[in-house]
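Each chain, letter by letter, is given below.
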Amino acid sequence: TGGFAGLGHGICDADAGSVMTLKRGEPASVTLCGVVKGLPGQPGQLRGYFSSDQPLGRLLANNETGVYGLLEAAPQGAPVEVLERGQVRPGPVKLLATIDGSGPQQYDGEIEHVNSKDQPTRNLVVKVTDPRLLKATGGIVQGMSGAPILQDGKLAGAVTHVFTDDPARGYGIFAQTMVEQGRQTVQAHS
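Residues numbered from 1 in each chain as written. Predicted model: local features only at pLDDT ≥ 70, side-chain atom pairs only at ≥ 80, totals over all residues. Heavy atoms only, no water.

1. Some details on the side chain of H9
Next up, step 1: For H9, the location among the structural elements is in the loop between β1 (2-6) and β2 (30-36).
Next up, step 2: A distance of 2.8 Å separates a polar atom in the side chain of H9 from a polar atom in the side chain of S145.
Next up, step 3: Those residues within four positions of H9 in sequence are excluded, and the remaining contacts are N63, E64, T65, G66, V67, S145, T160 and H161. (Helix = DSSP H or I, 4+ residues; strand = E, 2+ residues; numbered from the N terminus. Polar contact = N/O pair within 3.5 Å; in protein donor to acceptor, adjacent residues only side chain to side chain. Contact = heavy atoms within 4.5 Å.)

2. Structural notes on the sheet that holds β1
Next up, step 1: Read from one edge of the open sheet, three strands run β1-β5-β4, paired in antiparallel fashion. Looking along the sheet, the strands with just one partner apiece sit at the ends: β1 and β4 (57-63). Between one strand axis and the next, the sheet turns by 20° as a mean value, whatever way the strands run.
Next up, step 2: Sitting on the sheet, helix α2 (residues 175-188) is in contact with β1, β4 and β5 (66-71), with an inclination near 55° to β5. (Pairing = 2+ DSSP bridges. Axes fitted to C-alpha atoms, helices over the stretch in contact; angles between N-to-C directions.)

3. Quick notes on the nonpolar core
Next up, step 1: Core analysis: the biggest nonpolar cluster contains 23 residues, and V88, L95, I111, L124 and I149 have the highest contact counts within it.
Next up, step 2: When residues of this core are traced back to their parent elements, those giving at least two are β6 (91-97), β7 (105-114), β8 (124-128) and β10 (154-163).
Next up, step 3: Ranked by size, the runner-up nonpolar core spans five residues in total, among them A61, Y68, A158 and I173. (Core = buried A, V, L, I, M, F, W, Y, C linked by side-chain atoms within 4.5 Å. Buried < 20%, exposed > 50% of the residue type's maximum accessible area, 1.4 Å probe, protein only.)

What follows is the structure, given as structure tokens:
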């Protein structure tokens, strides 16, 4: 088993607007079945359904910076180095997103602004520039939370929120924050 970090923001109670207390939970496989394209004033979304009853692991925490837990098996693929907060800068990036059944794809984007390194979330202002992603989704949509942001081949952050008035733009969180929080969570539950 290995630890994981996801979303980059907590799962919130829609009515109260606060992060929900986690009693227990399990990550599960999902199959995407559609996209609602984002428009100004109307955030889009990825649509999907749970495609297996087999849990992939267990959730340990849900907080302001994401969801954290343990996986039964390591994900496929080579590990990617995490870029330290102080090295993340404005400039071109690749967004790794799954928007259909073809699996994760890299899309062009740009970090427009790096916010204070002292705040836990909304550290990056990200813009989607890839015509393929803009055509398919309008930019960032609900369901893309946690999409990795790669800068110079290293993990700089994760997409967290869309700007409601401009779906091509949104916020991201530093990957280093999520890694640190994930380590603390796993250690606390060991």
